[in-house]
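Coordinate analysis (summary)
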Amino acid sequence: MKKRPRLYTALTTVAPKEIQLLERRLFLKRSLSLGALALLTGCDVTDVDAVHRTLWAMSKWNDRAQGWLFNPHKLAPVYPDSAITKPFPFNAFYDEDEVPMVDSGKYKLTLGGLIRDKKPWTLAQLYALPQVSQITRHVCVEGWSAIGKWSGVPFRYFLERVGADLSAKYVGFKCLDDYYTSIDMATALHPQTQLTFKYADQILPAKYGFPMKLRIPTKLGFKNPKHIAEIYVTNVYPGGYWEDIGYNWFSGL
Amino acid sequence: MNNRIFAAFILSLACPHLSTAAEKSTPGASGGQSTTNEAEMNKTIKMESRQPMNMDEPMPTGMAKPGMKKGDVKTHAKKQEATMDEMMRQEEMKQSPPPPH
């Protein structure tokens, strides 16, 4: 008698209901692939403008869908100290020896847009705010991820403190390295979104964004601006550097 | 046409999940309250050095498209600022109460 393959034998021990669930997942996955294929067959790839317009419209729709699906109460996974990645990778659009140096004595955080109290904040004032820590995973759109320990003030606390219009749609960031980006208000108010002053219990090193960065464990790494110089609140779509050249704006995890 | 719209919808829902490699685990909370010492901050600053950014060099990140240079960010930021500043000024004018007579 012919011997059954090991995989088949293993499957016979699985309850029929679980197999049905697996098949349903497979069906959904294949439907998605088929949907993508069907869409691509409708594109004339020689018409570059039309392709860009289609992709841009899809990305915008993607933003809306992610906004609807975003659960403001669902926390990103947290990890033990032992899971921290050492060394934590540096990544930017410039080299590590070109990281901007900031004079902490002269630095002031500027506020703009729909914020009631727009007085600038010194570092000493910012550091006096209550701080919390999180050990979370930074996920890069390039395909790598790393776990780090970040400490700072919950961004929601800061926005409430300065009287930001929490019903506005966007929070934008201008950075000292000229980088700019923006996020949705729901993410800004998420309990793990943090205005970060420390990495691994030390003052945030320049390469990780001194004097402060925004840590958002529910979004891809490029949505975590470093060296923040200005924060503004608005209903006007602010975009971002990578977002304006085609990367998805919401970029949720 | 309807099939195409449906396919776009399905794809748009799937994209964020396909593009990330985020590991799933049990959520929780971490950390306690602390504040940051300014003396500690000054010590950190003195330890670091910097070279001016070479704006004409290609970007060293995998996110960059061919031909993109480090200086492109500054150029885009200036354009974006000029556009946004005007729109936000109008937005703030609409929101602020009229001046007293």
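Small disclaimer: the values here were computed from a predicted structure and weren't measured. (Residues numbered from 1 in each chain as written. Chains lettered and ligands numbered in written order. Predicted model: local features only at pLDDT ≥ 70, side-chain atom pairs only at ≥ 80, totals over all residues.)

1. Regarding the overall build of chain A
Across its full length, chain A holds seven helices and 10 strands. Across the 253 residues in chain A, those meeting the buried criterion constitute 43%. (Helix = DSSP H or I, 4+ residues; strand = E, 2+ residues; numbered from the N terminus. Buried ≥ 20, exposed ≤ 12 C-beta atoms within 10 Å, placed from the backbone.)

2. Remarks on the sheet that holds strand β10 (residues 228–234) of chain A
Spatial ordering of the open sheet is given by β2-β1-β10-β5-β6 (chain A), a layout of five strands whose pairing is mixed. Each of the sheet's edge strands pairs with one partner strand only, and the pair in question is β2 (121–122) and β6 (180–184) of chain A. Along the sheet, helix α3 (residues 72–95) of chain B makes contact with β1 (108–113), β6 and β10 of chain A, crossing β10(A) at roughly 40°. (Pairing = 2+ DSSP bridges. Contact = placed C-beta atoms within 7 Å. Axes fitted to C-alpha atoms, helices over the stretch in contact; angles between N-to-C directions.)

3. Remarks on the nonpolar core
Residues and elements named next belong to chain A. L126, L204, I228, I231 and V233 are the most contacted members of the largest nonpolar core, which totals 55 residues. It is β10 that provides the largest number of residues to this core, a total of five residues. If we ignore the near neighbours within four places in the chain, the residues touching I231 are L109, L111, V171 and F173. (Core = buried A, V, L, I, M, F, W, Y, C linked by C-beta atoms within 7 Å.)

4. Some words on the confidence of the model for chain A
Model confidence for chain A is summarised by a mean pLDDT of 89, while 82% of its residues fall at 70 or above. Overall, residues 5–12 of chain A carries pLDDT values under 50, and its contacts beyond four positions in sequence, including any with other chains, amount to one contact. (pLDDT = per-residue confidence, 0-100.)

5. Re unusual backbone geometry
Residue and element names in this part refer to chain A. Cis geometry marks the peptide bond from K86 to P87, where omega comes out at -10°. Locating P87 in the fold gives a position in the loop between α3 (48–69) and β1. Backbone torsion omega between F210 and P211 reads 10°, so that peptide bond is classified as cis. Tracing the sequence through the fold places P211 in the loop between β8 (202–203) and β9 (213–215).

6. Digging into the pairing of strand β3 (residues 132–139) of chain A
Most of β3(A) is tucked away, with seven of its eight residues classed as buried. Between the end of β3(A) and the start of strand β4 (residues 145–154) of chain A, which pair antiparallel, lie five residues, with A:G143 showing a positive phi angle near 115°.

7. Overview of the pairing of β6(A)
Residue and element names in this part refer to chain A. The buried count for β6 comes to five of five residues, which makes it a mostly enclosed element. Here five bridges tie strand β5 (residues 170–175) to β6, and the two strands are oriented antiparallel to one another. Paired with G172 across the strands is S182, a residue of β6. Between the end of β5 and the start of β6, which pair antiparallel, lie four residues, with D178 showing a positive phi angle near 80°.

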